[in-house]
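# Examining the three-dimensional arrangement
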Amino acid sequence: MRALLPPLLLLACAAHAVGALPRLCAVLQVLREERDQCLQGLAEERTRHPAPGCQGLWDNTSCWPSSAPGQTVEVACPRFLWMLVGRNGSIFRNCTQGGWSETFPRPDLACGVHVNDSSNEKRYEYLLKLKVMYTVGYSSSLVMLLVALSVLCAFRKLHCTRNYIHMHLFVSFILRALSNFIKDAVLFSDDDVAHCDAHRVGCKLVMVFFQYCIMANYSWLLVEGLYLHTLLVISFFSERKWLQGFIALGWGSPAIFVASWAVTRHFLEDVGCWDINANASIWWVIRGPVIVSVLINFILFINVLRILMRKLRTQETRGSEGNHYKAWWWPFSTASSMGRCSWRFRRSGGSGTCVSSHCTRWPSAPSAAAPRPAPRSRAGVPAGPVSSEAGAGPPRQAKTGPEG
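Residues numbered from 1 in each chain as written. Predicted model: local features only at pLDDT ≥ 70, side-chain atom pairs only at ≥ 80, totals over all residues. Heavy atoms only, no water.

Moving on, we come to the overall build of the protein chain. A tally of helices and strands in the protein chain yields nine helices and seven strands. By residue count, 31% of the 404 residues in the protein chain fall in the buried class. Put simply, 58% of the contacts in the protein chain that link residues at least 6 apart link residues at least 24 apart. On the protein chain, roughly 26,700 Å² of surface is accessible, and the fraction owed to carbon and sulfur atoms is 61%. (Helix = DSSP H or I, 4+ residues; strand = E, 2+ residues; numbered from the N terminus. Buried < 20%, exposed > 50% of the residue type's maximum accessible area, 1.4 Å probe, protein only. Contact = heavy atoms within 4.5 Å. Areas by Shrake-Rupley, 256 points an atom, 1.4 Å probe, with all protein chains shown as cover.)

It is worth spelling out the nonpolar core at this point. In globular proteins that are soluble, nonpolar side chains generally tend to be buried together. If you look at the biggest cluster of nonpolar residues, it comprises 19 residues, and the most contacted ones within it are Ile165, Trp220 and Trp261. Residue assignment for this core shows that the elements contributing at least two residues are α6 (161-187), α7 (200-233), α8 (239-268) and α9 (280-335). Ignoring anything within four residues of it in the chain, the contact list for Trp261 reads Val208, Gln211, Trp274, Asn277, Ile282, Trp283, Val285 and Ile286. Core analysis: the second largest hydrophobic core is formed by 18 residues, Val30, Val75, Leu84 and Ala110 among them. (Core = buried A, V, L, I, M, F, W, Y, C linked by side-chain atoms within 4.5 Å.)

A few words now on the side chain of Ser219. Summarising the element assignment, Ser219 is placed in helix α7. Looking at Ser219, the relative accessible area reads 11%, which means it is buried. Ignoring sequence-local partners within four residues, the contact set of Ser219 consists of Leu249, Gly250, Ser253 and Pro254.

Let us now look at unusual backbone geometry. Keep in mind that most residues, glycine aside, have a negative phi and that most peptide bonds are trans. Backbone torsion omega between Phe104 and Pro105 reads -15 degrees, so that peptide bond is classified as cis. Its place among the elements puts Pro105 in the loop between β5 (99-100) and α4 (107-110). With a phi angle near 65 degrees, Trp274 is a residue other than glycine that sits in the positive phi range. Tracing the backbone shows Trp274 in the loop between α8 and α9.

Okay, the state of the cysteines next. One pass over the full model with this rule turns up four disulfides. Put simply, Cys77 and Cys111 are joined by a disulfide, and their sulfur atoms are 2.0 Å apart. A torsion of -95 degrees about the S-S bond marks the disulfide between Cys77 and Cys111 as left-handed. Taken together, the residues Cys77 in the loop between β3 (72-76) and α3 (79-85) and Cys111 in the loop between α4 and α5 (118-154) connect sequence positions 34 residues apart. Each member of the pair Cys77 and Cys111 is classed as buried. Across the disulfide, Cys203 is cross-linked to Cys273 (sulfur-sulfur distance 1.4 Å). Its torsion about the S-S bond being -110 degrees, the disulfide of Cys203 and Cys273 is classed as left-handed. Of this pair, Cys203 sits in helix α7 while Cys273 sits in the loop between α8 and α9, and the two are 70 residues apart along the sequence. The pair formed by Cys203 and Cys273 is uniform in burial state, with each residue classed as buried. (Disulfide = S-S within 2.5 Å.)

All chains considered together, the criterion is met by six salt bridges. The salt bridge involving Arg93 is made with Asp59; its shortest N-O contact spans 3.3 Å. Of this pair, Arg93 sits in strand β4 (residues 90-96) while Asp59 sits in the loop between β1 (57-58) and β2 (63-64), and the two are 34 residues apart along the sequence. Both residues of the pair, Arg93 and Asp59, count as buried. (Salt bridge = Lys/Arg side-chain N within 4 Å of Asp/Glu carboxyl O.)

Attention now moves to the pairing of β4. Of the two faces of β4, the one holding Ile91, Arg93 and Cys95 is buried and the one holding Ser90, Phe92, Asn94 and Thr96 is not buried anywhere. Inspection of the sheet shows β3 paired to β4 by five bridges, in the antiparallel sense. Across the sheet, residue Ala76 finds its bridge partner in β4, namely Ser90. Alignment of β4 against β5, held across two bridges, turns out to be antiparallel. By the bridge assignment, Thr96 is partnered in β5 with Gly99. In textbook terms, the turn of a hairpin is the stretch between consecutive antiparallel strands, and for β4 and β5 this stretch comprises two residues. (Pairing = 2+ DSSP bridges.)

This brings us to the side chain of Ser293. Mapped onto the fold, Ser293 is located in helix α9. Once residues within four sequence positions are removed from consideration, Ser293 is found in contact with Tyr218 and Leu222.

Taken as a whole and judged by the stated rule, the model has eight aromatic pairs. Ring centres 5.9 Å apart and planes at 80 degrees place the aromatic pair Trp261 and Trp274 in the edge-to-face group. One end of the pair, Trp261, is in helix α8; the other, Trp274, is in the loop between α8 and α9, and 13 residues separate them in sequence. Note on accessibility: Trp261 and Trp274 belong to one class, buried. A network of ring pairs unites the aromatic residues Tyr134, Tyr138 and Phe181 as a single cluster. The ring centre of Phe210 lies 5.1 Å from the NZ or CZ of Lys183, which sits over that ring. Above the ring of Trp284, the side-chain terminus of Arg287 is found at 5.1 Å from the ring centroid. (Phe/Tyr/Trp six-rings, centres within 6.5 Å; stacked < 30°, edge-to-face > 60°. Lys NZ or Arg CZ within 6 Å of the ring centre and 35° of its normal.)

Limitation: the analysis is restricted to geometry and does not speak to function.
Put into structure tokens, the structure is as follows:
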């Protein structure tokens, strides 16, 4: 059994390296607890009922009670193996005249642990690639968000309520990415078992901060939906007061739920670094508000689409009525020779009024008998009367001398 312990710890380390559950520190903690309980029970047993046969034994994985020679002792699979594989089983030892026999069947077979199984390696490679992918995604998103936030902060012309809400949303995304990097650095960076309990309080605080950043991100997504819905539904409102309420909702409400989760976790499920959510009822303290915010956002999205479609239909109706009036008035305005003016229409009567005070005659086709315009001199004064005959040439001047 001692020879099997190092491969089992390596399996736990592989699970720890990619963030699988449980972590190595949790496995070692369970081993220490079982060892302490076993040694305490064996000490009490030797004090009350000393056995002449096989003495009680702790073999670094399982606790074997005292037994008489010729008996077979059955114990359950170690608890840490159940944490790794989630399977129950039993292992046995025979008490002989020479002491305890070897464990049978082999613990890896009896408890469902396949140390040399290639599927564990494939799973490790898959989870490692997945970790690299989301790390690259968070990093690129963090860079773009920092650039966008810098642009919004640098230009004063962009400072308004709408952009303030965008800036808070960007900050929530930045905090979510940073909290994810901090969580990975705290949970999966140090494999030294001597430091398993050194930063336990700090590890829990990191998990609390991580959960807060996630909830704050969802809260500001909800604020974005509420603000857009408010702009379409309410005509006049104080944007400054609404912004204060949005800030309280975006940053304050997640703190309430995360604090409730931390207190509940401390008293009901204070196990490890709080990165394992085994109790579903406690996990719903955080999961419930997140799901509710997503549902509310979806309802607001549907209502915003409905309002926009209704406004578009109203504008299309008004546009078609205006085009109808224009087509009705056009033949009369073009056929009229009273004057060329700009007309303003009234929907009630359909009549128009001349906007300009200077109206000129509408040009008509010249007739054959129409007189030609009088020629003008360079100074702009008419040179003489216009002859009524076409092509008659310049007018004749009257004689000033006496007749005859």
